[in-house]
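# Reading the structure
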Number of protein chains: 2
Amino acid sequence: MEKLDLVLDRGVRIVASGLGPLPLEISRRIHDKGGLYVGMTGDPRHVERHLESEVDIIVAQGMEAGGHVGKISTFCLVPQVVDRAGDVPVLAAGGVAGGRHLAAALALGAQGVWTGSIWLTTRETDVPEPVVQKLLRASSTDAVVTRVPSGKTSRQLRTPFLDAWEEDGAPKPLPAPLQGMLVNEARRAIVEHDVVDVMGTAVGQVVGMMDRVKSSRDVVYQMVEEYVAVLEMFVRSAELEATSDR
Amino acid sequence: MEKLDLVLDRGVRIVASGLGPLPLEISRRIHDKGGLYVGMTGDPRHVERHLESEVDIIVAQGMEAGGHVGKISTFCLVPQVVDRAGDVPVLAAGGVAGGRHLAAALALGAQGVWTGSIWLTTRETDVPEPVVQKLLRASSTDAVVTRVPSGKTSRQLRTPFLDAWEEDGAPKPLPAPLQGMLVNEARRAIVEHDVVDVMGTAVGQVVGMMDRVKSSRDVVYQMVEEYVAVLEMFVRSAELEATSDR
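The shown structure was predicted, so the numbers you read here are calculated from the model rather than taken from an experiment.

With an axial shift of 0.0 Å and an RMSD of 0.0 Å, the rotation relating chain B to chain A amounts to 180 degrees. The symmetry that links the two subunits is that of a two-fold axis. When each C-alpha of chain B is compared by its distance to the rotation axis, Ala-104 of chain B comes out closest, at 2.0 Å. Both copies share a contact surface, since 100% of the interface residues of chain B are interface residues in chain A too.

Attention now goes to the sheet that holds strand E4 (residues 67-68) of chain B. Residue and element names in this part refer to chain B. Taking strand neighbours across the sheet as the criterion, the 3 strands line up as E4-E8-E7 in an open arrangement whose pairing is antiparallel. Both edges of this open sheet fall to E4 and strand E7 (143-146), since each of them pairs with a single strand only. Two elements, E7 and strand E8 (residues 154-157), share 4 bridges in a ladder whose sense is antiparallel. Across the sheet, residue Val-144 finds its bridge partner in E8, namely Gln-156.

Scanning the entire structure with this criterion turns up 1 aromatic pair over all chains. With centroids separated by 4.7 Å and ring planes inclined at 5 degrees, the aromatic side chains of Phe-234 of chain A and Phe-234 of chain B adopt a geometry described as stacked. Within this pair, whereas Phe-234 of chain A is found in helix H9 (residues 216-245), its partner Phe-234 of chain B is found in helix H9 (residues 216-245), the two belonging to separate chains. The same class applies to Phe-234 of chain A as to Phe-234 of chain B, namely buried.

We now examine the pattern of salt bridges. For side chains bearing opposite charge, pairing can occur when the charged atoms are close. All names here are of chain A. Counted by the stated rule, this structure contains 18 salt bridges over all chains. A salt bridge links Glu-226 to Arg-100; the nearest nitrogen and oxygen atoms lie 3.4 Å apart. Taken together, the residues span a long stretch of sequence, with Glu-226 in helix H9 and Arg-100 in helix H5 (residues 99-107) at a distance of 126 residues. For Glu-226, a relative accessible area of 28% gives the class partly exposed. Several salt bridges converge on common partners, so that one network encompasses Asp-5, Asp-9, Arg-29 and Lys-33.

Another aspect to go through is the interface of chain B and chain A. Across the boundary between the two partners, chain B contributes 43 residues, which contact 43 residues of chain A. At the boundary of chain B with chain A, total buried surface from both sides reaches about 3,500 Å², with 65% on carbon and sulfur atoms. Three residues stand out in chain B for area buried against chain A, namely Phe-75, Arg-100 and Phe-234 of chain B, and they jointly supply 21% of the buried area on that side. There are 4 salt bridges connecting chain B and chain A. Going through the elements one at a time, helix H4 (74-85), helix H5 (99-107) and H9 of chain B are the ones with two or more residues in the side of chain B that touches chain A. Top element by residues in the side of chain B that touches chain A is H9 of chain B. It accounts for 9 residues. Grouping the constituent residues of the side of chain B that touches chain A by class yields 22 nonpolar, 12 polar and 9 charged.

Here we come to the nonpolar core. Counting 110 residues, the largest nonpolar core has Ile-58, Leu-135 and Phe-234 of chain A together with Ile-58, Leu-135 and Phe-234 of chain B as the members making the most contacts within it. For this core, the element with the most residues is H9 of chain A, which contributes 8 residues. Not counting residues within four places of it along the chain, the set of residues in contact with Phe-234 of chain B comprises Ala-103, Leu-106, Ala-107, Tyr-227, Leu-231 and Phe-234 of chain A.

What follows deals with a nonpolar patch on the surface. Residues and elements named next belong to chain A. Where nonpolar side chains cluster on the molecular surface, the patch consists of Leu-174, Leu-178, Met-181 and Leu-182 and spans about 390 Å² of accessible area. Along the chain, Leu-174 falls in the loop between helix H7 (160-164) and helix H8 (178-192). Relative accessible area serves as the criterion here: at 33%, Leu-174 is assigned to the partly exposed category.

On to the confidence of the model for chain A. For chain A, per-residue confidence averages 95 on the pLDDT scale, and 99% of positions sit at 70 or higher. Note on the complex model: pTM 0.95, ipTM 0.94.

All names here are of chain B. Over its 15 residues, helix H8 (residues 178-192) extends 22 Å from the first C-alpha to the last, a length consistent with the 21 Å expected when each residue adds 1.5 Å. At Asn-184, H8 shows its maximal bend, which comes to roughly 40 degrees. If you check which residues of H8 are buried, you get Gln-179, Gly-180, Val-183 and Ile-190. Next to the buried residues of H8 lie helix H7 (160-166). Of the residues trailing H8, Asp-194 is marked for its positive phi of about 60 degrees.

Taking 1.5 Å of rise per residue, the 12 residues of H4 of chain B would be expected to cover 16 Å, and the 16 Å separating its terminal C-alpha atoms lies within 8% of that figure. The buried fraction of H4 of chain B is high, at 10 of 12 residues. All buried positions along H4 of chain B are accounted for by Thr-74, Phe-75, Cys-76, Leu-77, Val-78, Pro-79, Gln-80, Val-81, Val-82 and Ala-85 of chain B. Taken together, the buried residues of H4 of chain B touch helix H4 (74-85) and H5 of chain A together with strand E2 (36-41), helix H3 (47-52), strand E3 (57-61) and strand E5 (90-93) of chain B. A positive backbone phi angle near 60 degrees is found at Gly-86 of chain B, which sits one or two residues after H4 of chain B.

What counts, and where the lines are drawn
Residues numbered from 1 in each chain as written. Chains lettered and ligands numbered in written order. Predicted model: local features only at pLDDT ≥ 70, side-chain atom pairs only at ≥ 80, totals over all residues. Heavy atoms only, no water. Least-squares fit on C-alpha atoms with pLDDT ≥ 70 in both. Contact = heavy atoms within 4.5 Å. Pairing = 2+ DSSP bridges. Helix = DSSP H or I, 4+ residues; strand = E, 2+ residues; numbered from the N terminus. Phe/Tyr/Trp six-rings, centres within 6.5 Å; stacked < 30°, edge-to-face > 60°. Buried < 20%, exposed > 50% of the residue type's maximum accessible area, 1.4 Å probe, protein only. Salt bridge = Lys/Arg side-chain N within 4 Å of Asp/Glu carboxyl O. Buried area = accessible area lost by both parts, 1.4 Å probe. Nonpolar A, V, L, I, M, F, W, Y, C, P; charged D, E, K, R; others polar. Core = buried A, V, L, I, M, F, W, Y, C linked by side-chain atoms within 4.5 Å. Patch = residues over 30% accessible without salt bridge, like charges linked within 9 Å, V, L, I, M, F, W, Y side chains within 5 Å. Areas by Shrake-Rupley, 256 points an atom, 1.4 Å probe, with all protein chains shown as cover. pLDDT = per-residue confidence, 0-100. Expected span 1.5 Å × (residues − 1). Bend = angle between axes of the 7 residues up to and from the residue.

Structure representation (structure tokens):
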């Protein structure tokens, strides 16, 4: 709670929880300090508990997302979360690369999108250059679900380090938080010693659509342009229908 | 080829291939007889081979679909397939329950949708009644990927029969077609002897949105109504933008 006050008192206005609903004590403190509380879910059955925790925005995150993920796809998840969320706005996450996805998310009933992986290959990224190059070359199937980094299922860029854990006879990852304690030192050493071959990152299936470095500005502009093109397509199709009705 | 001629000569007009592109010899015979050849893919890297096989329509099927599936979600897959398909129309499959999905599929660049699971709980279904009841109760996470029925990854309603293959010490499923030869007799016997407890079916994650028996007519009407509601939402938002531009 002290740490929470520290960040809220310094002007942080959004607190997002990615691993479950917050206790009321914490969500109310966020509200008291004028902040918004964002809760992420990968399963429609968890929406009720998020609402009970007085969430302001629900992020419905599909299994195609990077990092910790559930089992249900964005396409299947978003309408189910929207149908249970009442007046609480829902953002779609997982698989969002551009404006077509933004339009699709709105069609599914979301109020907007929550993006992640697409920023990893921007000019402003803090991802090491060799990993950026791997991301640009990767296909969607190179973003694999593994329990290696934390013990919980998480989507990561495939590396020889992750593959070794999948070999016949390899031990199963330990449950969280033990697995993280087991591999964190090795993962830190990989980065510190710049062992390019086994360096990876959390990334979603949109990695298959990330094929060149762009500025963050261009990512945003292209998302808007693509969204407007879809909107125009829908408007034209509505006009055609209205004409054929006459 | 004889079997193909037999069905084409009897008026079948669409031949869909779900497990890979057809040889040119076969796709051209379909065209010669006035038929359409539909190819299903779960990976954008396979689009080129589908185009080479002179496909008329590509179905981009996400991993949330029922039956044999790949790894990539509909949300991530469809735009990547559309971008590679040129003038060949693309249908989105996997996770399609209603008109919101239809609109989302069009936003992603598809020309339409290909549906499957939603028909399993219609009044006109041939699925046995006890399995229909299981489907109505099931959540999206009850549609699990398994290699048990065929040896290839396939999404199925979770049953104690499938669970037994996941237990510690259980043998791994054999590669196709051996696994099918191994379990087909057992699967037939389960249905013949009406062993309700272990009866299942191929089904996609949309099973979580199937909560009552509807007529096929209602499924179609509701899809259209929901689609029109989304279209109106987009048209209104475009009008608002036009107004605020003045």
